[in-house]
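Chains, contacts and geometry: an overview
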Amino acid sequence: MAKRDYYKVLGVDKNANADDIKKAYRKAAIKYHPDKNPGDKEAEDKFKEAAEAYDVLSNPDKRARYDQFGHAGMNGGAGGFGGGGFGGGFSMEDIFRNFGDIFGGHFGGGFGGFGGFGGDSGQRVNRGSDLRIKVTLSLKEIVNGTTKKLKINKLTACDKCGGTGAKDSNSYNTCPTCGGSGRVTEIVNTFFGRTQTVTTCKHCGGEGKIITTPCDKCRGEGTVKAEEVVEVKIPAGVGEGMQLSVNGKGNAARHGGVNGDLLVLIEEQNDPDFTRDGNDLIYNLNITIPTAVLGGEVEVPTVDSKVKIKIEPGTHAGKILRLRGKGVPDLNGYGRGDQLIVIDITVPSKVTSEERKLFEQLADKPSFKKAESVKNQNIFDRMHNFFR
Ligand SMILES: [Zn+2]
Ligand SMILES: [Zn+2]
């Protein structure tokens, strides 16, 4: 559907001031308000159209952009309406949330509940609260994935009353406040005339009934404290700060209902050998001076086992070797990261007199006479080149 000109929508001219625009919107909002036009789709569209027009024209920045670019200036772009913007249109809740500004404080709250109409009918279902627990994992567990048995202190359904909180099925009265519906309808006098709002009954908490004789074990709560061991399967590749959610393993709900969730927060243990960098693992390898000069074979730990790697003759400190696929598996199954081996050369801080002599002899030889700088001298350049 082609968008109508915002000024035309509100019936104001291009030079209208903020007050004119507000007044015009107020008029349109009252005329097309859904409470005044129940079931009228056209009125609802007009109502939304007016809200959209007002949103733009009441904001000096948006209005200026609209004046310059028309509707084309309103779709996304820098400083546009962003993700939740007009792409999908205004929701009724958005519109009512802004009513406080236009009609005074009373309306913001009065219509806040609007979005709650329709959808759910009948009594409210209680939901237990979520539980949070931290789990510390070693690098090996992260690489291989693991199953943890976690001891949880939680509220579970009382076994004596089956979670109802009542002594037996005769221990109830229908809630006198809501007559058993769990909801109360309030008539509020508003700007638009009398408006109905439906809220959860405070007396029974939406349950529609009142317990007359509570269960003596849980004292009417329907829940008791208990310890439960929950097995949590942790996939390979998780990382510090991630949160896994185990459905229905949180607290039981009061008077029966749906359990909350168990939220498992992942903590990574420091590993003595490896530093994690995303899915790559960094390992610092020290080699001796003779190995650096002459080359050789060195054993290196990996997170799975050990491998022998070849050191080329003339290896400099700071060189990085890559063991493909020896890093952390990608959580989404996109292969595995690498192990990066950063070479350092061990320089002895003390030498024997014999070693001293040998080094002095060497120092005179042509290959040892001159220090030269390596290209990409610094480690960061080299890391950078490496990762490119
Ligand atoms: Zn009630
Ligand atoms: Zn009980």
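See the structure printed just above.
Presented here is an overview of the structure given in this document.

In terms of nonpolar packing, the biggest core is built from 33 residues, with Val232, Ile234, Leu262, Val264, Leu285, Ile309 and Ile341 touching the most fellow members. With four residues, the top contributor of residues to this core is strand S11 (residues 280-287). The two domains that each donate at least three residues to this core are domain 2 (123-166 + 214-270) and domain 4 (274-387).

Here we come to helix H4 (residues 60-69). Taken as a whole, H4 has its buried residues at Lys62, Arg63, Arg65 and Tyr66. Looking straight down H4, one finds its buried side chains confined to an arc of 165°; they lie on one side. Across from the buried face of H4, at angles greater than 90 degrees, the exposed residues are Pro60, Asp61 and Gln68. In this structure, the buried side of H4 is in contact with helix H1 (6-10), helix H2 (18-32) and helix H3 (41-57). Sitting at the amino-terminal end of H4 is Asn59, which places a side-chain oxygen 2.9 Å from the backbone nitrogen of Asp61. One or two positions beyond H4, positive phi appears at Gly70, with a value near 70°.

Looking now at the coordination of the zinc ion (ligand 1). At this site the zinc ion (ligand 1) is bound by Cys175 (SG), Cys178 (SG), Cys201 (SG) and Cys204 (SG), with donor distances of 2.2 to 2.3 Å. Coordination at the zinc ion (ligand 1) is tetrahedral: its four donor atoms span angles of 103 to 117° at the metal. Here the donor residues for the zinc ion (ligand 1) map to a single chain with the spacing C-x2-C-x22-C-x2-C. Remark: Cys204 occurs in the loop between strand S5 (193-200) and strand S6 (209-211) and Cys178 occurs in the loop between strand S3 (172-174) and strand S4 (183-190); sequence separation between them is 26 residues. There is no split in this pair, since Cys178 and Cys204 are both buried.

The coordination sphere of the zinc ion (ligand 2), as far as protein atoms go, consists of Cys158 (SG), Cys161 (SG), Cys215 (SG) and Cys218 (SG), spread over 2.3 Å. Here the zinc ion (ligand 2) binds four donor atoms, and the angle range of 103 to 116° at the metal identifies the geometry as tetrahedral. Read in sequence order, the donor residues for the zinc ion (ligand 2) give the motif C-x2-C-x53-C-x2-C.

What follows deals with the packing of H3 against H4. As a packed pair, H3 and H4 sit with axes 6 Å apart at the nearest point and diverge in direction by 100°. In terms of their interaxial angle, H3 and H4 are classed as roughly perpendicular. Residues Asp55, Val56 and Leu57 of H3 touch H4, and the partners they reach there are Lys62, Arg63 and Tyr66. Residues that form the contact of H3 with H4 fall into these classes: three nonpolar, no polar and three charged.

This brings us to the sheet that holds S11. Strand pairing in a sheet relies on backbone hydrogen bonds. The paired strands run either parallel or antiparallel. Taken in spatial order, the four strands make up an open sheet running S10-S11-S15-S14, and their pairing is mixed. Either end of the sheet is taken by a strand with one partner, and the two such strands are strand S10 (274-277) and strand S14 (320-323). Taking the axes of each pair of neighbouring strands and ignoring which way they run, one obtains an average angle of 30° across the sheet. Both S11 and strand S15 (residues 339-345) contribute to a ladder of seven bridges, which runs parallel. When the bridges of S15 are listed, Asn284 appears paired with Val342.

Moving on to the pattern of salt bridges. Inspection of every chain in the model, using the stated rule, returns 21 salt bridges. Taking the shortest distance from any N to any O, the salt bridge between Lys134 and Glu267 comes out at 3.6 Å. Pair noted here: Lys134 is in strand S1 (residues 131-137) and Glu267 is in strand S9 (residues 262-268), with a separation of 133 residues, a long-range link.

We now examine H2. The end-to-end C-alpha separation of H2 is 21 Å, in line with the 21 Å expected for 15 residues at 1.5 Å each. For H2, the full list of buried residues reads Ile21, Ala24, Tyr25, Ala28, Ala29 and Tyr32. Relative to the axis of H2, the buried residues are bounded by an arc of 135° and lie together on one face. Away from the buried face of H2 by more than 90 degrees, exposed residues Lys23, Lys27 and Lys31 are located. The N-cap residue of H2 is Asn17: its side-chain oxygen and the backbone nitrogen of Asp19 are 3.0 Å apart.

Conventions used here
Residues numbered from 1 in each chain as written. Chains lettered and ligands numbered in written order. Predicted model: local features only at pLDDT ≥ 70, side-chain atom pairs only at ≥ 80, totals over all residues. Heavy atoms only, no water. Core = buried A, V, L, I, M, F, W, Y, C linked by side-chain atoms within 4.5 Å. Buried < 20%, exposed > 50% of the residue type's maximum accessible area, 1.4 Å probe, protein only. Helix = DSSP H or I, 4+ residues; strand = E, 2+ residues; numbered from the N terminus. Domains from an automatic or database assignment. Arc of directions from axis to C-beta. Contact = heavy atoms within 4.5 Å. Polar contact = N/O pair within 3.5 Å; in protein donor to acceptor, adjacent residues only side chain to side chain. Donors = N, O, S within 2.8 Å, 3.2 Å for Na, K, Ca; no water. Tetrahedral: all angles 85-135°; square planar, octahedral: opposite > 155°, others 65-115°. Axes fitted to C-alpha atoms, helices over the stretch in contact; angles between N-to-C directions. Parallel < 35°, antiparallel > 145°, perpendicular 65-115°, else oblique. Nonpolar A, V, L, I, M, F, W, Y, C, P; charged D, E, K, R; others polar. Pairing = 2+ DSSP bridges. Salt bridge = Lys/Arg side-chain N within 4 Å of Asp/Glu carboxyl O. Expected span 1.5 Å × (residues − 1).

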